[in-house]
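Close look at the chain arrangement
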Amino acid sequence: MRLLHTSDWHLGRAFHRVNMLGAQAEFIGHLVTTARERDVDAVVVSGDVYDRAVPPLAAVELFDDALHRLADLGVPTVMISGNHDSARRLGVGAGLIGRAGIHLRTEPSACGTPVVLQDAHGDVAFYGLPYLEPALVKDAFGVEKAGHEAVLGAAMDRVRADLATRARGTRSVVLAHAFVTGGQASDSERDITVGGVAAVPAGVFDGVDYTALGHLHGCQTITERVRYSGSPLPYSFSEAQHRKSMWLVDLGPDGSVSAERVDCPVPRPLARIRGTLEELLADPALAEHQEAWVEATLTDAVRPSEPMARLSERFPHTLSLVFDPERAPDDPDVSYARRLAGRADQEVAEDFVAHVRGAGPDARERAVLRDAFDAVRADRTVREVAG
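Residues numbered from 1 in each chain as written. Predicted model: local features only at pLDDT ≥ 70, side-chain atom pairs only at ≥ 80, totals over all residues. Heavy atoms only, no water.

Comments concerning the pairing of strand β19 (residues 318–323)
Put simply, the rule is: The criterion for strand pairing is that DSSP finds at least two bridges linking the strands in question. Counting from the N terminus, the helices are the DSSP runs of H or I reaching at least four residues and the strands are the DSSP runs of E reaching at least two. A crossover counts as right-handed when, viewed with the strands pointing away from the observer, the path leading from the first strand over the helix to the second turns clockwise.
In this sheet, β19 lies alongside strand β18 (residues 293–298) in parallel orientation, the contact comprising five bridges. Counted as the bridge partner of Thr 297 is Val 322 from β19. In this view, the connection linking β18 to its parallel neighbour β19 by way of helix α8 (residues 307–314) has right-handed handedness.

What about the environment of Val 200?
Put simply, the rule reads: Remark: exposure states derive from per-residue accessible area (1.4 Å probe, protein chains only) relative to the maximum for the residue type, with buried under 20%, exposed over 50%, and partly exposed in between. Residues are treated as being in contact if the distance between any of their heavy atoms lies within 4.5 Å.
Relative to the helices and strands, Val 200 is located in strand β11 (residues 199–200). The exposure class of Val 200 is buried, given its relative accessible area of 1%. Sequence-wise, Val 200 and Glu 149 are 51 residues apart; in three dimensions their C-alpha atoms are separated by 5.2 Å. Residues contacting Val 200, with those up to four places away along its chain left out, are His 148, Glu 149, Leu 152, Phe 179, Val 180 and Thr 181.

A short note on helix α2 (residues 57–73)
Owing to its 3.6 residues per turn, the α-helix aligns residues three or four sequence positions apart on the same side. Defined as follows: Expected span of a helix: the number of residues minus one, times 1.5 Å. By definition, the arc is the one covered by directions from the helix axis to the C-beta atoms.
A rise of 1.5 Å per residue sets the reference length of α2, with its 17 residues, at 24 Å; its end C-alpha atoms lie 24 Å apart and thus fit the reference within 8%. Ala 59, Leu 62, Phe 63, Ala 66, Leu 67 and Leu 70 are the residues of α2 that are buried. The buried residues of α2 all sit within an arc of 145° when viewed along its axis, so they share a single face. Among the exposed residues of α2, those pointing more than 90 degrees away from its buried face are Leu 57 and Asp 72.

Here we look at the sheet that holds strand β5 (residues 77–80)
Heads up, the rule is: Lines fitted to C-alpha atoms define the axes, with helix axes restricted to the stretch in contact, and inter-axis angles between N-to-C directions lie between 0 and 180 degrees.
The six strands lie next to each other as β6-β5-β4-β1-β15-β16, forming an open sheet whose pairing is mixed. One side of each edge strand has no neighbouring strand; the edge strands of this open sheet are β6 (102–105) and β16 (257–263). Looking at each pair of strands side by side, their axes are set apart by 20° on average, direction ignored. The pairing of strand β1 (residues 2–6) with strand β4 (residues 42–46) spans four bridges and is parallel. Paired with Thr 6 across the two strands is Val 45, which belongs to β4. Across the sheet, helix α1 (residues 21–37) lies against β1, β4, β15 (245–251) and β16, angled at about 170° from β1, the strand it touches most.

Examining α1
The terminal C-alpha atoms of α1 lie 24 Å apart, and with 17 residues this matches the ideal 24 Å at 1.5 Å per residue to within 8%. Within α1, burial applies to Ala 23, Gln 24, Phe 27, Ile 28, Gly 29, Leu 31, Val 32, Thr 34 and Ala 35. The inward-facing, buried residues of α1 abut β1, β4, α2, β15 and β16. Positive phi appears at Asp 39, one or two residues downstream of α1, with a value of about 55°.

Quick notes on the packing of α1 against α2
For any two helices packed against each other, one specifies the inter-axial angle together with the distance between the axes. The following threshold applies: Every angle not falling under 35 degrees, over 145, or within 65 to 115 is termed oblique; those three ranges are roughly parallel, roughly antiparallel and roughly perpendicular. Each residue is assigned to one of three groups, with Ala, Val, Leu, Ile, Met, Phe, Trp, Tyr, Cys and Pro labelled nonpolar, Asp, Glu, Lys and Arg labelled charged, and all others, Gly among them, labelled polar.
Contact pair α1 / α2: the axes reach a minimum separation of 10 Å and the direction vectors enclose 10°. By the angle between their axes, α1 is roughly parallel relative to α2. On the side of α1, the interface is formed by Leu 21, Gln 24, Ala 25, Ile 28, Gly 29, Val 32, Ala 35 and Arg 36, while α2 contributes Ala 58, Ala 59, Leu 62, Ala 66, Arg 69, Leu 70 and Leu 73. Its residues assigned to classes, the contact of α1 with α2 shows 11 nonpolar, two polar and two charged.

So, the sheet that holds strand β13 (residues 220–223)
Here we have six strands laid out as an open sheet, ordered β7-β8-β9-β12-β14-β13, and mixed in their pairing. Looking at which strands have only one partner, the edges of the open sheet turn out to be β7 (115–119) and β13. Ignoring strand direction, the axes of neighbouring strands in this sheet form an average angle of 20°. For β7 and strand β8 (residues 122–129), the ladder comprises five bridges, and the chain directions are antiparallel. Bridging from a neighbouring strand, Val 116 pairs with Ala 125 of β8.

Considering the side chain of Asp 209
For clarity, the threshold we go by: In protein, a polar contact means a hydrogen-donor-capable atom and an acceptor-capable atom, both N or O and within 3.5 Å, with residues adjacent in sequence counting only if both atoms are side-chain atoms; elsewhere, any N or O pair within 3.5 Å suffices.
Looking at the secondary structure, you find Asp 209 in the loop between β11 and β12 (210–214). For Asp 209, a relative accessible area of 16% corresponds to the buried category. Among the polar contacts made by the side chain of Asp 209, one reaches the main-chain amide nitrogen of Ser 172 at a distance of 2.9 Å.

Geometric descriptors of this kind do not, in isolation, establish any biological role.
Okay, here's the thing in structure tokens:
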């Protein structure tokens, strides 16, 4: 069986104020064309279909168009909700849509109930694990402590239990939306850290033939059987080195896996350039970036006059301008934002405690801070879904 694995469409998202809806529509066309021309047997979409719980109307219309085109193609599609989606909204009408061959899996309780497709060699069971917010699903899964590994492990126990009841030789595919150990993150993914831990081990998915992951925006191979497709379009300059693609996966009669990357169309390449303003304007080696979307970091000791206007004359698609004067790390003039760069909320809070009282928090206090951040993030998720 041949699968086309994609995820993280983020319909409705902009890129530094650039409307990406046209590029997203082009990707949907590319997806449908690929499915038709490469004789795909099933499309799997591993979450974050939308960029937010209540997407703009134009994004909903594009999703509706995608559903109709996939249904008209006659290629079954299995799709889960991600941490950016409202599972309840995305799942509206799932029963009716399923009759057209588009199978939406947004209910955590249905993790162990697969979509079963057939090929010449027998059944393939597709298990959809929507994004599982630990604080919201731990009771339903009977786990004592809210954590990604615990709830995903419980969901996978249900998958393996169901698979054990099926005919010998039944192959299996799991769709999941999670941060798996070994994956490389980018700046455009929402933090899903719980209890100071974001990642789960790949071994959670042992026992199935292929795991189609979503959440991280870079296409990655965790193991031969566990892969991220990545987002089809860039959503931050941290993705400048990404090759945007989908996985074309062949699942053999014995459950063996072979995979090929299929490139996605992107509107423009991304470029990150750094130096003084005069260096960036004069360096002939930078000519290759004149048609790219550009993030320019200026290292001038004194902020130059009209830098964006001057840069745009050479790089007309400059979208981001960063000032980072070259100074020693202990220089008192180093900006607050630069000092905090790369630090998690928990670390910032612990530093604040140390600054106020002269000593950092002890283990009990760190646990209190972790619980507070987890509670705020869980409450935000509930409000987004209910809003």
